Amino acid sequence: LGCFTARNLRRWNISTILLEKEDDVCKGITRANSAIVYAGYDNKPGSMKAEMTVRGNAGMERLCKALDVPFSRCGSLLVTYDKAAAARLERKLQNGIENGVPGLRLMSGAEAEAMEPMLKKGVQAALYAPSTGTVNPWQLGIAAYENAVHNGAEAMLNTLVSDIREAEEGFLVETNKDTFLCKMVFNCAGLCADQVQELLFSPSVRLHLDSAEYLVLDKHARKPECVIFHQAESCGKGITAIPCVEGNLLISGIRKPLETLFATTVKGLQELHLAAKALLPEVDLAQVIRSFGAVRPNPCMENGESLHDFCIENPAPGFYSLIGIKTPGLTCANELGLHLAQKAAAYLNANENPAFDPEHRTIADKDNEIVCQCEQITKAEIVEAIRRGAVTVDGVKRRAGSGMGRCQGSRCTYEIEKLLEEYGHGRV
Amino acid sequence: MEEFDILIIGGGAAGISAAKGAKGARVLLADRKAALGGVLLQCTHRGFGKNKSGVEYAVDLTDAFPQEISLALNTTVLSVSEDKTALLSGKDFGLREIRFSQLILATGCREIPMGALPIAGTRPKGVYTAGQMQELMNLHSFMPDGPVVILGSGDLGLIMARQLAEVGLSVTMVEKKPQCGGMAKNQRCLTEYPIRLICDDTIGEIHGYPHLTGCTTAKGVRIPCRTLLIAAGLRPERELIFGLGEPDWLHICGNCNMVHPMVEAVVNEGKQAGIAAYKNIRGSL
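All values reported here derive from a predicted model rather than from experimental measurement.

Novice: Explanation requested: the overall build of chain A in the structure shown.
Specialist: A count of helices and strands for chain A gives twelve helices and 22 strands. Taken over the C-alpha trace, chain A has a radius of gyration of 22 Å; the compact-globule value for 428 residues is 22 Å, and the two agree within 12%. Here chain A, with 428 residues, has 56% of them falling under the buried criterion. Long-range pairs, those at least 24 residues apart, make up 73% of the contacts in chain A with a sequence separation of at least 6. Total accessible area on chain A is roughly 17700 Å²; 50% of this is exposed by carbon and sulfur atoms. For chain A, the centre of its 47 positive side-chain charges and the centre of its 53 negative side-chain charges are spaced 4 Å apart.

Take a look at the structure:
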């Protein structure tokens, strides 16, 4: 979100600096994400979420084209095996129609089973949403970051905000590196957004952290054509199966309160394996190549209730906090960034930036020296990833795609570390 | 397009032996590394042939290597098609498409990485596969931090346990089966060094971030460690021929056919594959 806010601020002549406490961008919520571009039938009609999701979804082709990031509009099926839950699908359909979601359609169980033969038989009803898609979340975020910098935004990494004070004309932001005087502050601190706001203003919502387990399967594993959401018998979502834009199948588990940041639990993995087999009996879990734990902010009001819409706090003129932008934050990232940038343009009375260039080019030039065997990533791509700011093997992975395959980097990590050393960064 | 009678993919024990078996044919042997020998080159321990090291064994194997065979080193085969063409990407020559009449797949196997196992916890630094550590230590002079935990007590796990114990690191092995999994000669390290072996258990969870601090077994034994080696098995590397079926021009040999505990079996299978491929083309020449 920070990356997209910075990118959109540069549509106007607004000097922008992006502060990030980590050594790279998109290392929090974005890094471990379900990668879904939601259709928008889940959200309450009239809410900011509903409106932005539908708009963000509709604009995703254009955004991904400009940022040179692959996007797949694979569609989705929300399936239920419970007759009683079928009424929920009907409600979601009505919601979706009201929100303006295109092409929504209720399906019989037989129709859904024919469409996705991997589904366990006995589907009672399904809601088909052709506009659902998938995108690589960190590719999108890093592209927005690079585009923001290309358009003149400054960025400081390894920079932790320690205090914010009001100044005569704006705010003084203290960090471990330097103090910045700025007219406006956009707090996009993700999992820490409530803490950052608290440095100056008391937030009206608090972030409780949820986690979910994920499994990544080999590209050769059999996978469904579209995203499959399982509407569980009780309220809330079941597991989700996502055919990722890169070709891997991603299976995401049920949300639960967090135990350890970005960690999976023994119980969670066991439950996810069972649930995956129950929904897709033919899924080959011997093809799992990685499991990981994701963290989601869950914004809660003082009475402890979860907030269902986006929360953009504006405690003082010029200060905006995005607190607890949970699902569908990825779908709406550019919309939210644009929304904030428009606020900034009005507040600062800024002129449009005629030189703004929305186009970005992803790493594409290959040479003939294959470093990552599994994904066939070449040395030239790795070196370009380092040139673009990767300082760790993980940073290279998220830019060049190395180490994402079936050996999970066990064969290329050494060579990439050597290239990182050679091109100016030490072993981190 | 360049044409060859036989394309051999993989220059380890199987590929080298296949090339010898196919002597007389126009053969191209491709390997992703800079030298022939495959995994043997990182095996400094003894036990190959008449108690040679893997490196020595590889030298002997390549000693009588047929001169007329074309080598494409530093080369990755990107794809193989059913029309009997292959696309090669080489550091020294760029992209190269070739046509072949027989294909010998000798790509060996790869290790199962931690990600493929149902191990919970964080995703810290300090986790390696056993063969990855063998390569790091023997080819790149890397020294891991102890204590070390090794998951899996098969031959590779035992070989690494011995090597790590030899340099004075504390080693604990965790084995899912009720008893140690490797060959008797490799099990000797368990009596010669103070290596702890926990059987009938596995690693359920790992701890620490950004660096590994320990792991907990499924039965709840907590083991502090700085390095975890995964020696949980090998998978034949056959993705290149995925979807090709079983055409008569395809010969699969060595560890990509099945994992062999002894190199002699790999050599023999490679040789047979070379002979079979040669017979196929001689028949049609």
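Novice: How should I be thinking about the overall build of chain B in this particular structure?
Specialist: Helix and strand content of chain B: seven helices and 20 strands. Relative to the globule expectation of 19 Å for 285 residues, the C-alpha radius of gyration of chain B, 21 Å, shows essentially globular dimensions. Overall, chain B is about 65 × 40 × 35 Å in size when its C-alpha atoms are taken along their principal axes. Nonlocal contacts in chain B, meaning residues at least 24 apart in sequence, comprise 62% of its contacts between residues at least 6 apart. Accessible area for chain B stands at about 12400 Å²; split by element, carbon and sulfur atoms hold 51% of it. For chain B, the distance from the average site of its 29 positive side-chain charges to the average site of its 28 negative ones is 4 Å.

Novice: What exactly am I supposed to notice about empty space enclosed by the protein here?
Specialist: Any empty space left between the atoms is revealed when a probe the size of a water molecule rolls over them. Residues and elements named next belong to chain A. This model, assessed by the stated rule, comprises two cavities of 30 Å³ or more. By volume, the largest cavity amounts to about 90 Å³. As for the largest cavity, its lining consists of Gln139, Ile142, Ala143, Glu146, His360, Thr362, Ile363, Arg388, Arg398 and Arg399. Taken together, the elements giving at least two residues each to the lining of the largest cavity come down to helix H6 (137–150) and helix H11 (393–400). The element that contributes the greatest number of residues to the lining of the largest cavity is H6, accounting for four residues. The space that makes up the second largest cavity amounts to roughly 40 Å³. Contributing to the lining of the second largest cavity are Ser211, Glu213, Lys256, Pro257, Glu259, Thr260, Ala263 and Thr265. Elements that contribute at least two residues to the lining of the second largest cavity include exactly strand S13 (206–217) and strand S17 (256–257).

Novice: Explain the sheet that holds strand S19 (residues 312–316) of chain A to me, please; I cannot follow it from the model alone.
Specialist: In any sheet, the strands associate via hydrogen bonds between backbone groups, in a parallel or an antiparallel arrangement. Residues and elements named next belong to chain A. The strand order across the open sheet built from three strands is S12-S20-S19, with neighbouring strands paired in mixed fashion. Because the sheet does not close on itself, it has two edges, and the strands there are strand S12 (185–187) and S19. When the angles between neighbouring strand axes are averaged without regard to direction, this sheet yields 20°. The sheet contact formed by S19 and strand S20 (residues 319–322) spans three bridges and is antiparallel. If you follow isoleucine 312 over to S20, its bridge partner there is leucine 322. Across the sheet, helix H9 (residues 329–348) is in contact with S12, S19 and S20; its angle to S20 comes to roughly 170°.

Novice: Before we go on, may I ask you to explain helix H4 (residues 155–166) of chain B in this structure?
Specialist: Along an α-helix, a turn takes 3.6 residues, which lines up residues three or four apart on a common side. All names here are of chain B. Between its first and last C-alpha, H4 extends 16 Å over twelve residues, near the 16 Å set by a 1.5 Å rise per residue. Taken together, the buried positions of H4 are occupied by Gly157, Leu158, Ile159, Met160, Ala161, Gln163, Leu164 and Ala165. In this structure, the buried residues of H4 make contact with helix H3 (130–140), strand S12 (148–151), strand S13 (171–174), helix H5 (184–187), helix H6 (189–192) and strand S18 (227–230). Looking one or two places after H4, you find glycine 168, whose phi comes out positive at around 90°.

Novice: Before we go on, may I ask you to explain the interface of chain A and chain B in this structure?
Specialist: Many authors give the size of an interface as the accessible area that is lost as the parts come together. Each partner contributes residues to the interface: chain A has 33 residues there, and chain B has 33 residues. Taking both partners together, chain A and chain B bury about 2600 Å²; carbon and sulfur atoms supply 51% of that area. The three residues of chain A that bury the most area against chain B are A:His220, A:Asn368 and A:Arg411, which together make up 22% of that side's buried surface. On the surface where chain A and chain B come into contact, there are two salt bridges. Measuring nitrogen to oxygen at the nearest pair gives 2.9 Å for the salt bridge that ties B:Glu237 to A:Arg411. Where chain A touches chain B, the interface holds eleven residue pairs in polar contact (both at pLDDT 80 or more). Elements represented by at least two residues in the side of chain A that touches chain B include exactly helix H8 (266–279), strand S18 (288–300) and helix H12 (413–422) of chain A. Here the element with the most residues in the side of chain A that touches chain B is S18(A); it accounts for five residues.

Novice: How should the packing of helix H2 (residues 48–58) of chain A against H9(A) be read in this particular structure?
Specialist: Pairs of packed helices are described in terms of their axes, by the angle between the two and the distance that separates them. Residue and element names in this part refer to chain A. Orientation of H2 relative to H9, taken along the N-to-C sense of each, is 110°, at an axis distance of 8 Å. Accordingly, the angle class assigned to the pair H2 and H9 is roughly perpendicular. On H9, the residues that touch Met48, Met52, Thr53, Arg55, Gly56 and Asn57 of H2 are Thr331, Cys332, Glu335, Leu336 and His339. Residue classes in the contact of H2 with H9 are distributed as four nonpolar, five polar and two charged.

Novice: Which parts of the structure should I look at to understand the packing of aromatic side chains?
Specialist: The relation between two aromatic rings is expressed through the spacing of the ring centres and the mutual angle of the planes. The final tally for this structure, using the stated rule, is eight aromatic pairs over all chains. Measuring from ring centre to ring centre gives 5.5 Å for A:Phe171 and A:Phe319, while their planes differ by 65°; the resulting arrangement is edge-to-face. Separated by 148 residues along the polypeptide, A:Phe171 in strand S10 (residues 170–175) and A:Phe319 in strand S20 bring together distant segments of the chain. Ring centres of A:Phe201 and A:Phe319 lie 5.0 Å apart, and the angle between their planes is 70°; on these two criteria the pair is classed as edge-to-face. Of the two residues, A:Phe201 is situated in the loop between helix H7 (193–198) and S13 and A:Phe319 in strand S20; the sequence distance between them amounts to 118 residues. Of the two residues examined, A:Phe201 and A:Phe319, each falls in the buried class. Residue placement shows A:Lys120 over the ring face of A:Tyr81; its charged tip is 4.6 Å from the ring centre. The ring of B:Phe93 carries B:Arg96 above its face, with NZ or CZ at 4.7 Å from the centroid.

Here is what the cut-offs are and how they apply
- Residues numbered from 1 in each chain as written.
- Chains lettered and ligands numbered in written order.
- Predicted model: local features only at pLDDT ≥ 70, side-chain atom pairs only at ≥ 80, totals over all residues.
- Heavy atoms only, no water.
- Helix = DSSP H or I, 4+ residues; strand = E, 2+ residues; numbered from the N terminus.
- Rg over C-alpha atoms; globule rule 2.2 N^0.38 Å.
- Buried < 20%, exposed > 50% of the residue type's maximum accessible area, 1.4 Å probe, protein only.
- Contact = heavy atoms within 4.5 Å.
- Areas by Shrake-Rupley, 256 points an atom, 1.4 Å probe, with all protein chains shown as cover.
- Lys, Arg positive; Asp, Glu negative; His and termini not counted.
- Charge placed at Lys NZ, Arg CZ, Asp CG, Glu CD.
- 1 Å grid on protein atoms, 1.4 Å probe; cavity = no way out; pocket = protein on both sides within 12 Å on 5 of 7 lines; lining within 4 Å.
- Points joined across faces, edges and corners; volume = space filled by probe spheres on them.
- Pairing = 2+ DSSP bridges.
- Axes fitted to C-alpha atoms, helices over the stretch in contact; angles between N-to-C directions.
- Expected span 1.5 Å × (residues − 1).
- Buried area = accessible area lost by both parts, 1.4 Å probe.
- Salt bridge = Lys/Arg side-chain N within 4 Å of Asp/Glu carboxyl O.
- Polar contact = N/O pair within 3.5 Å; in protein donor to acceptor, adjacent residues only side chain to side chain.
- Parallel < 35°, antiparallel > 145°, perpendicular 65-115°, else oblique.
- Nonpolar A, V, L, I, M, F, W, Y, C, P; charged D, E, K, R; others polar.
- Phe/Tyr/Trp six-rings, centres within 6.5 Å; stacked < 30°, edge-to-face > 60°.
- Lys NZ or Arg CZ within 6 Å of the ring centre and 35° of its normal.

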